[in-house]
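Fold and contact review
Listed here are the chains, written in short residue letters.
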Amino acid sequence: MGDSHTTTVMNLEDKFVFGGKLKTFTFILMAIGVISLVALVFGAMSDNHGENDAHQSKTELSANHESSDPRVAHTESHGSHVAHEVSESTHHDGSTRLWTNLLINSFFFFGIAIAALFFMSIQYAAEAGWSTVLKRIMEAISSYIIPGAIPLAIVFIAASLHWNHIYHWMDPDVMDPTSEHYDRLIAGKKPFLNQYVFWGFSIFFVGLYIFFQRMFRTRSLQEDKEAGTKLHMSNFASAAGFLVIFGYSSVVLSWLWIMSIDTHWFSTLFGWYIFSGIWISCLTAMILIVLYLKRNGHMPYVNSSHIQDLGKWMFAISILWSYLWFSQFMLIWYANIPEEVTYYIPRLFGEYKSLFIGMFLVNFIFPTLLLMDSANKRSPFWLTFVGIFIFLGHWMDAYLLITPAVAKSGFEFGFQEIGLMLGFLGVFMFFVFRSLSKANLVVKNNPYLDESINFHL
Amino acid sequence: MHKESDIRQPLIFGDKSYKQITDDVVKPVFGKANKYWWIVFSLSAIIAVWGVGCIAYTIGTGIGVWGLNSTVGWAWDITNFVWWVGIGHAGTLISAVLLLFRQKWRMAINRSAEAMTIFAVMMAGLFPLMHMGRIWNAHWIMMPFGIFKNQFGTLWVNFNSPLLWDVFAISTYFSVSLVFWYIGLIPDFATIRDRAVKPLQKKIYSILSWGWTGNIKAWVRFEEISLVLAGLATPLVFSVHSIVSMDFATSVIPGWHTTIFPPYFVAGAVFSGFAMVQTLMLTARKVLNLEDYITVKHHEYMNIVIVITGSMVGVAYLSELFIAWYSGVEYETYAFLNRARGPYWWAYLFMMSCNVISPLIFFIKKARRSLIISFIISIVVNIGMWFERFVIIMSTARDYLPSNWDMFHPTFVDIGIFIGTIGIFFTLFLLYARTFPVLALNELKTILKSSGNNYKNGTVINPLIASKPAYANSDDLTKIEGIGPVISGLLNEMGIYTFKQLSLIDPINIKLKLDSQGSRFRTHEPKTWPNQAKMANEQRWDELKKWQDELNGGKAN
């Protein structure tokens, strides 16, 4: 019946073998990561004994920071707030540098994995046909949720045990009215910013992500063996449920994990901004993986129309991200309220200025101008070119979400930052490609497969 | 070649042919209106006249006739403005975004949704014009580009004000929507022109259709310009309501200044817009007898869009509420507590229950496929979204200084103008329904062969899949007595691959095909094939075997 056609026309049994050069490459990346990590750990240890000095210079720096910055005005209700902005602005010492870098990379790659799960759910829920041939790639990326949760957990455990001071609110002093470091504003957030809520939501939502990832994957593997639409329809229903969970959880986790680092600061748009960032990073990763596989003779059924559609997604979500970036920035800039502008002062007017502006320009202008043309959306060269730039650009976005919040000034950027990122990239690639090699590159009995293979724009 | 999965449901019912589609769509243009049309039209027209009266009274007397006071300087005027602009959102979303996403179901509803956009934006535009007080000076807002540039000093116009950005955003949106709508109408106007008999009618539709001939080059350009306009219109969907939201969000008013406003207003606008499309389409399918084109599946898709955008709005409401507390800013916290527990608590309750809770019913498949529930929820959402804007605007009723606090009481003019715009809107829409092709009939024809029920179930052979599909679930047709490998191939050429298809076909079609292949097939007689195929399809193999034994080479003895 149908199957006899299947094998004669195109090889649907095509499998990807993870080995050789690619595997070696991921190991090299991991080795670079380990070297950078060791360098960062040494940096942290050598800084440790001089903590008292560092604390002194911290206060000095912050004092300068305050006086030189007329934009931070004292207001009646936020007097204590500005005062504590001072104690919060930490110098980028070795230990902070180690832990912020671990958080940046853990978050960035974990974000890509959950965005893949989200994107796959959209494909199911929207009854999308064209993308069926790409489903295994989404599954593979989302499989990184489990290994990716481990470094994230390590950073959070370290924060909870006060090995690092990324989360200012985790310091019990700021919540204690008798302490000299007591911060009325942060203490007011205690019902949300406490260990129970932080760990409760994190474990619950990440647990749900893992649960859904396993469920989609198991059903999809089963679909290779059994025909019919039952499994697909189950995934359709689960996807609708997952989208609701994701809609709420992504916002809450973005507050807990990222926004709370800038403890005083708040923005209602923040959750969606983070969400669009992980989404575009995930799409970029997807495109690069598809192009790599096609270059190596896999996935003959992925044609230029599929590539163009992925290019359109990359174009569209880049613009969505830029739109959200601008919406948040413009409204805060326009209203110029002290408690809100604190976020942009180190980033846009401080030491991070060029990185911050550069990051936005790369992430907005590169895809907008270079992917406007439909021919470029089909061109492996342009997609790779733009893809690599915005992948790095969004990594830089993650860097700028976290580092300036921890260290308002005196940050260092060296080979360690880049090395650790490459190390994480190696781990990410290792797990994604390993997952990809474990099954067919295409879901054989998906009811939309036929439509997807015959898809032409 | 486009292929469609078997699990996709048909979008056109009732055994339509190309001609039948044209007949169905142009019927209201050439036919006489029925009783219901006249009843609804008269009612709308009366309300519209009352609305126009109230508008004239406002312009003649001044906006003091509204219920505004020094605390609530913006009330129903801006509420209605934002509500109408929001409704105007779905039209362009359906035309542009769904076109880019290749959603075929849009073709049954895009024309009317676009018409709705045009009329809704017109209604929206009335409110800022009226609020100017001296409407005869309205052209001043266009001064920077006119001959009067700088005549009124550097303060005029104020480019720092989002209200001015609104003027440009909305007029751009209106122009692009109008062009999009009109370009799509040209081929359909031409179809009406070609059928019109009365000289005046023919003349009007000739002018409107710009000499459209329907040649292939014209169609290529038509499709290109549609995509270009869709590409231009999609950012406009975002820009218009983002800028409307900035009317509030650029201020420093608690409850207004919050960063989520731009995307949240966009989601809310799409939400309310789809609710209005749902209301109009559920009415139109009944009144204009379009049930075959605007099917339950269409309404289900719209309900899905409603539940998604409703959930986005829900996330935004809760984010706002949470951050108001989290920020530790007492004014912000108070603004939200006041919404929920202050004098306008009932409006807040309406907003929350209508917008966040009620659409959740669409997670149940039965509910989103029920036309009655769809209709009720669409009305509920329209009401809820009006209250959402009202709740936001009424934040100002209790500002920083308690001695300023005041309530808003609408006057009969406020009410008259709001109800009046609904009347004008429906009057325009009903006139449109009698004079325009309410479905994009020429575009619908392009999906007939892939999404028409008759083509999908095989009653009509689909030349689109006549070439060999790589992965179709085809049956072994040679199991039918009288069919060998060669004839099986010929049947495949006709698009017949399965027993089910074969069982549905009139054998005369097969006979014609066989005859066309030359004399060696003349002796074959396909009369029993459909019946045999029926048995095979139903897996009645024993019965088939028995019958085949009786048959002589596939021919009945």
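Along every chain, residues carry numbers that run from 1 in the direction the sequence is written. Chains and ligands are labelled by the order in which they are written, letters from A for the one and numbers from 1 for the other. Per-residue local features are limited, in this predicted model, to residues with pLDDT of at least 70; the limit for side-chain atom pairs, both in listing and counting, is 80 or more; totals at the level of whole chains, interfaces and linings are taken over all residues. Each side-chain value is worked out from all heavy atoms of the structure, with water and hydrogens disregarded.

**Here's the deal with the overall build of chain B**
Condition: Helix numbering and strand numbering both begin at the N terminus, where a helix is a DSSP run of H or I of at least 4 residues and a strand a DSSP run of E of at least 2. Remark: exposure states derive from per-residue accessible area (1.4 Å probe, protein chains only) relative to the maximum for the residue type, with buried under 20%, exposed over 50%, and partly exposed in between. When checking whether two residues touch, look at their non-hydrogen atoms; a contact exists if any pair is within 4.5 Å. What sets the accessible areas is the Shrake-Rupley method with a 1.4 Å probe; for residues, cover comes only from the shown protein chains. Positive charges come from Lys and Arg alone, negative charges from Asp and Glu alone, with His and the N- and C-terminal ends not counted. Throughout, a charge is located at the NZ atom of Lys, the CZ atom of Arg, the CG atom of Asp or the CD atom of Glu.
Scanning chain B from terminus to terminus reveals 22 helices and zero strands. Principal axes of the C-alpha set define a box for chain B whose edges measure 100 × 60 × 45 Å. Relative to its full complement of 557 residues, chain B shows a buried share of 55%. Once local pairs closer than 6 in sequence are excluded, the contacts in chain B between residues at least 24 apart make up 77%. When the accessible surface of chain B is totalled, it reaches about 24200 Å², and 66% of it is carbon and sulfur. For chain B, the distance from the average site of its 48 positive side-chain charges to the average site of its 36 negative ones is 6 Å.

**Topic: the packing of helix H3 (residues 76–87) of chain B against helix H14 (residues 371–393) of chain B**
Residues and elements named next belong to chain B. Condition: Helix axes use the C-alpha atoms of the stretch in contact, all axes being lines fitted to C-alpha atoms, and the angles between their N-to-C directions lie in the range 0 to 180 degrees. Oblique is the label for any angle not under 35 degrees, not over 145, and not in the 65 to 115 range, which are roughly parallel, roughly antiparallel and roughly perpendicular in turn. Each helix crossing is assigned a hand: it is left-handed if the near helix lies turned anticlockwise from the far helix by less than a right angle, otherwise right-handed if that turn is clockwise. Each residue gets one of three labels, nonpolar for Ala, Val, Leu, Ile, Met, Phe, Trp, Tyr, Cys and Pro, charged for Asp, Glu, Lys and Arg, and polar for the others, Gly among them.
The N-to-C vectors of H3 and H14 enclose an angle of 135°; their axes lie 9 Å apart at closest approach. One way to sum up the angle between H3 and H14 is to call them oblique. For the crossing formed where H3 meets H14, the hand is right-handed. Taking contact as the criterion, the partners of Trp 76, Ile 78, Thr 79, Asn 80, Val 82, Trp 83, Gly 86 and Ile 87 in H3 are, on H14, Asn 382, Met 385, Trp 386, Arg 389, Phe 390 and Ile 393. When the residues that make up the contact of H3 with H14 are grouped by side-chain class, the tally is nine nonpolar, four polar and one charged.

**Describing unusual backbone geometry**
All names here are of chain A. Although it is not a glycine, Glu 127 adopts a positive phi angle of roughly 55°. Backbone geometry places Met 299, a non-glycine residue, at a positive phi of 50°. For Met 299, the position within the fold is in the loop between helix H12 (270–295) and helix H13 (304–335). Looking at Met 299, the relative accessible area reads 0%, which means it is buried.

**Let's talk about the confidence of the model for chain A**
Residue and element names in this part refer to chain A. The line we're drawing: How sure the predictor is of each residue is captured by pLDDT, a score from 0 to 100.
Per-residue pLDDT for chain A has a mean of 85; in total, 88% of the residues score no lower than 70. When mean pLDDT is compared element by element in chain A, H12 scores highest at 94, while helix H1 (residues 2–9) scores lowest at 40. In the predicted structure, residues 1–8 sits below a pLDDT of 50 and forms eleven contacts with residues beyond four places in sequence or in another chain. Considering only residues more than four positions removed or in separate chains, one finds that residues 50–89, a stretch of pLDDT under 50, has 50 contacts.

**Here's the deal with helix H7 (residues 145–160) of chain A**
Residues that lie three or four places apart on an α-helix share one face, since the helix turns once every 3.6 residues. All names here are of chain A. Note the following rule: Expected span, for any helix, means 1.5 Å times one less than how many residues it has.
For H7, which comprises 16 residues, the first-to-last C-alpha distance of 22 Å matches the rise-based estimate of 22 Å (1.5 Å per residue) to within 8%. Taken as a whole, H7 has its buried residues at Ile 145, Pro 147, Gly 148, Ala 149, Pro 151, Leu 152, Val 155, Phe 156, Ala 158, Ala 159 and Ser 160. The inward-facing, buried residues of H7 abut helix H5 (94–125), helix H6 (135–142), helix H10 (195–225), helix H11 (230–257) and helix H19 (415–437). Directly beyond the C-terminal end of H7, a positive phi value near 65° is found at His 162.

**A few points about the confidence of the model for chain B**
For chain B, the mean per-residue pLDDT works out to 85, and 93% of the residues sit at or above 70. This stretch, residues 464–471 of chain B, has a pLDDT under 50; its non-local contacts, to residues over four places away or in other chains, come to 26 contacts.

**Side note on the pattern of salt bridges**
A pair can form between side chains of opposite charge whenever their charged atoms are brought close. Filter applied, for reference: Salt bridge, as used here: a side-chain nitrogen of Lys or Arg that lies within 4 Å of a carboxyl oxygen of Asp or Glu.
Considering all chains together, one arrives at 25 salt bridges over all chains under this definition. The residue A:Glu139 makes a salt bridge to A:Arg136 at a minimum N-O spacing of 2.9 Å. Of the two residues, A:Glu139 and A:Arg136 are both situated in helix H6; the distance of three residues between them amounts to about one turn of the helix. This pair shows no difference in class: A:Glu139 is buried, exactly as A:Arg136 is. Here B:Glu538 ties to B:Arg540 by a salt bridge, and the two come within 2.1 Å at their closest N and O atoms. Exposure remark for B:Glu538: the relative accessible area of 39% places this residue in the partly exposed category. Since its relative accessible area comes to 29%, B:Arg540 is described here as partly exposed. Among the charged side chains, a network of salt bridges with common partners joins A:Glu127, B:Lys297, B:Glu300, B:Arg368 and B:Arg369.

**Things to note about helix H12 (residues 345–357) of chain B**
Inspection of H12(B) places B:Ala347, B:Tyr348, B:Met351, B:Met352, B:Cys354, B:Asn355 and B:Val356 among the buried residues, and these make up the whole buried set. Lining the buried residues of H12(B) we find helix H9 (261–287), helix H10 (296–326), helix H11 (330–341) and H14 of chain B.

**Concerning the interface of chain A and chain B**
As a reminder of what qualifies: When two parts are brought into contact, each loses some accessible area as probed by a 1.4 Å sphere; the total of that loss over both is the buried area. A 3.5 Å cut-off defines polar contacts: any pair of N or O atoms within that distance qualifies, except that in protein one atom must be a possible hydrogen donor and the other a possible acceptor, and neighbouring residues in sequence count only when both atoms are side-chain atoms.
Listed by partner, the interface residues are 62 residues for chain A and 54 residues for chain B. A per-residue breakdown of the area chain A buries against chain B is headed by A:Thr268, A:Trp272 and A:Leu331, which together make up 16% of the total. The tally of links between chain A and chain B comes to three salt bridges. Linking B:Lys297 and A:Glu127 is a salt bridge whose minimum nitrogen-to-oxygen distance equals 3.7 Å. Across the chain A-chain B interface, the total number found is 14 residue pairs in polar contact (both at pLDDT 80 or more).

**Let's talk about the domain arrangement of chain B**
Here is the rule: Residue ranges assigned to the domains are those given by an automatic or database domain assignment.
Along its sequence, chain B is organised into domain 1 (18–454) and domain 2 (471–550). Distance from the C-alpha centre of domain 1 of chain B to the C-alpha centre of domain 2 of chain B: 54 Å.

**Section: the packing of aromatic side chains**
Cut-off, in case you're wondering: Side-chain rings of Phe, Tyr and Trp, where Trp is taken by its six-membered ring, are said to pair if the distance between their centres is within 6.5 Å; with planes under 30 degrees apart they count as stacked, over 60 as edge-to-face, and otherwise as tilted. Criterion for a charge above a ring: Arg CZ or Lys NZ at most 6 Å from the ring centre, at most 35 degrees from the ring normal.
Per the counting criterion, the structure on display carries 115 aromatic pairs over all chains. With centroids separated by 6.4 Å and ring planes inclined at 35°, the aromatic side chains of B:Trp50 and B:Phe412 adopt a geometry described as tilted. A residue pair is termed long-range when its members are at least 10 positions apart, and B:Trp50 in helix H2 (residues 35–61) and B:Phe412 in helix H15 (residues 412–435) qualify at 362 residues. By relative accessible area, which is 47% here, B:Trp50 ends up partly exposed. Both rings, one in B:Phe429 and one in B:Tyr432, keep their centres 5.2 Å apart while their planes meet at 50°; by these two values the pair is tilted. Of this pair, B:Phe429 and B:Tyr432 both sit in helix H15, separated by three residues, roughly a single helical turn. Exposure class is identical for B:Phe429 and B:Tyr432. Each is buried. Positioned above the aromatic ring of A:Phe315, the side-chain terminus of A:Lys377 is 5.3 Å from the ring centre. Over the ring of B:Tyr301 we find B:Lys297, and its NZ or CZ is 4.8 Å from the ring centre.

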